[in-house]
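# Fold and geometry: a report
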Amino acid sequence: AQKITQTQPGMFVQEKEAVTLDCTYDTSDPSYGLFWYKQPSSGEMIFLIYQGSYDQQNATEGRYSLNFQKARKSANLVISASQLGDSAMYFCAMRELSGSARQLTFGSGTQLTVLP
Amino acid sequence: DSGVTQTPKHLITATGQRVTLRCSPRSGDLSVYWYQQSLDQGLQFLIQYYNGEERAKGNILERFSAQQFPDLHSELNLSSLELGDSALYFCASGRGTTDTQYFGPGTRLTVL
């Protein structure tokens, strides 16, 4: 069964600094996708970035990048130049791509607080 | 704005009652997913529909049911509600190779 682990319940970062949020995963499926979502205090789930298991390069989207280390089964999110608006809960998620079911399995999340 | 709409935004009801949550996916998306987010269980997958047909089931209680209509909107029906059903219910939709799921704003259900 697929599993996502986020070991940092809370993280603090100074404004304008970079921060890394950890995520490890476990799956027996050789084909899978990894996602990060942001959930501000308002509650909505915002898609940030995607990495496929066969992608050769690490994904980047603006200030977000995904540090994908396949052998270590880790998919850490790096946020550069943190802003106050980045304060939110961040979820790592995975979806196995074999078969027709495409549901996401989520980690427990990391609460990021950006300090002025 | 993800393009996924959910109604109502908030719902307060009593134990034993039945409610219906509604979701409209993004234009062109054939897949609809329902998730439940609670403090003790985190984010849990409930059920997936693809073009009107049930595709996958997760930790969905027998008291809960869902369907996807020909216009692709979906409804999640929760019956015989219990206090523990209080949660944020998300609908998400997706398409394409990566099938990235875009979430609606959620329906916050409070059972008193």
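Residues numbered from 1 in each chain as written. Chains lettered and ligands numbered in written order. Predicted model: local features only at pLDDT ≥ 70, side-chain atom pairs only at ≥ 80, totals over all residues. Heavy atoms only, no water.

## Thoughts on the overall build of chain A
We count it as follows: A run of H or I in DSSP becomes a helix once it reaches four residues, and a run of E becomes a strand once it reaches two; helices and strands are each numbered from the N terminus. Atoms counted for the radius of gyration: C-alpha only. Globule rule: 2.2 Å times the number of residues to the power 0.38. Burial classes: relative accessible area under 20% of the type maximum marks a residue as buried, over 50% as exposed, and values in between as partly exposed (1.4 Å probe, protein chains only). We call two residues in contact when some of their heavy atoms are within 4.5 Å. Using a 1.4 Å probe, the Shrake-Rupley method yields the accessible areas, and only the shown protein chains count as cover for residues. Only four residue types enter the tally: Lys and Arg on the positive side, Asp and Glu on the negative side, with His and both chain ends excluded. To locate a charge, take NZ of a lysine, CZ of an arginine, CG of an aspartate or CD of a glutamate.
The helix and strand inventory of chain A stands at zero helices and 12 strands. Element order for chain A, N to C, with α for helix and β for strand: β-β-β-β-β-β-β-β-β-β-β-β. Here the C-alpha atoms of chain A give a radius of gyration of 14 Å, agreeing with the 13 Å that 2.2 N^0.38 yields for 116 residues. Along the longest, intermediate and shortest principal axes, the C-alpha atoms of chain A span 45 × 30 × 20 Å. With 116 residues in all, chain A has 48% of them scored as buried. Excluding contacts between residues fewer than 6 apart, the proportion of contacts in chain A whose partners are at least 24 apart in sequence is 56%. Accessible surface, chain A as shown: approximately 5400 Å² in total, 50% of it carbon and sulfur. When the 9 basic and 10 acidic side-chain charges of chain A are each reduced to a single mean position, those positions are 3 Å apart.

## Observations concerning the overall build of chain B
Along chain B, the regular secondary structure elements total zero helices and 11 strands. From first element to last, N terminus to C terminus, chain B shows the α and β order β-β-β-β-β-β-β-β-β-β-β. Radius of gyration (C-alpha) of chain B: 13 Å, near the 13 Å computed for a compact globule of 112 residues. Based on the C-alpha atoms only, the size of chain B along its principal axes is roughly 40 × 25 × 25 Å. Across the 112 residues of chain B, 52% fall into the buried class. Sequence-distant contacts, at least 24 apart, represent 54% of the contacts inside chain B between residues at least 6 apart. In the structure as shown, chain B presents an accessible area of about 5400 Å², 47% of it carried by carbon and sulfur atoms. Chain B carries 9 positive and 11 negative side-chain charges, and their two centres are separated by 4 Å.

## Considerations on the pairing of strand β12 (residues 110-115) of chain A
All names here are of chain A. Heads up, the rule is: Two strands pair if DSSP finds at least two bridges between them.
Side-chain alternation along β12 places Thr110, Leu112 and Val114 on a buried face and Gln111, Thr113 and Leu115 on a face that remains uncovered. Sheet topology places strand β2 (residues 10-14) next to β12; five bridges connect them, and they run parallel. The residue bridging Gly10 from the neighbouring strand is Gln111, located in β12. Where strand β10 (residues 88-96) meets β12, three bridges bridge the pair, whose relative direction is antiparallel. Pairing of Met89 across the sheet is with Gln111, part of β12.

## Regarding the packing of aromatic side chains
Note the following rule: When the centres of two rings from Phe, Tyr and Trp lie within 6.5 Å, Trp using its six-membered ring, the rings pair. Their planes under 30 degrees apart give stacked, over 60 give edge-to-face, and anything left gives tilted.
Taken as a whole and assessed by the stated rule, the structure comprises 16 aromatic pairs over all chains. When the ring of Tyr37 of chain A is compared with that of Phe106 of chain A, the centres are 5.9 Å apart and the planes differ by 55°; the resulting orientation is tilted. Linking Tyr37 of chain A in strand β5 (residues 32-39) with Phe106 of chain A in strand β11 (residues 105-106), this pair joins segments that are 69 residues apart in sequence. The pair formed by Tyr37 of chain A and Phe106 of chain A is uniform in burial state, with each residue classed as buried. Ring geometry for Phe91 of chain A and Phe106 of chain A: centres 6.3 Å apart, planes at 90°, overall edge-to-face. Taken together, the residues span a long stretch of sequence, with Phe91 of chain A in strand β10 and Phe106 of chain A in strand β11 at a distance of 15 residues. The pair Phe91 of chain A / Phe106 of chain A is uniform in exposure class, with both members buried. Through a chain of ring-to-ring contacts, three or more aromatic side chains come together here, namely Phe35, Tyr37, Phe47, Tyr50, Phe91 and Phe106 of chain A together with Tyr33, Tyr35, Phe45, Phe90, Tyr102 and Phe103 of chain B.

## Some details on the side chain of Asn76 of chain A
All names here are of chain A. Under the convention used in this document: Think of a polar contact as two N or O atoms within 3.5 Å of one another; within protein, one of them needs to be a possible hydrogen donor and the other a possible acceptor, and neighboring residues in sequence only count if both atoms come from side chains.
With respect to the element layout, Asn76 can be found in strand β9 (residues 74-79). A polar contact of 2.9 Å, which involves the side chain of Asn76, links it to the backbone nitrogen of Cys23. The residues contacting Asn76, other than those within four sequence positions of it, are Thr20, Leu21, Asp22, Cys23, Trp36, Ser65, Leu66 and Asn67.

## Considering the side chain of Gln6 of chain B
Residues and elements named next belong to chain B. Turning to its location among the elements, Gln6 is positioned in strand β1 (residues 5-7). Side-chain polar atoms of Gln6 contact the backbone oxygen of Tyr89, separated by 3.0 Å. Here the side chain of Gln6 touches Cys91 through a polar contact of 3.0 Å, landing on its backbone nitrogen. For Gln6, the contacting residues outside a window of four places in its chain are Arg22, Cys23, Trp34, Tyr89, Phe90, Cys91, Gly104, Pro105, Gly106 and Thr107.

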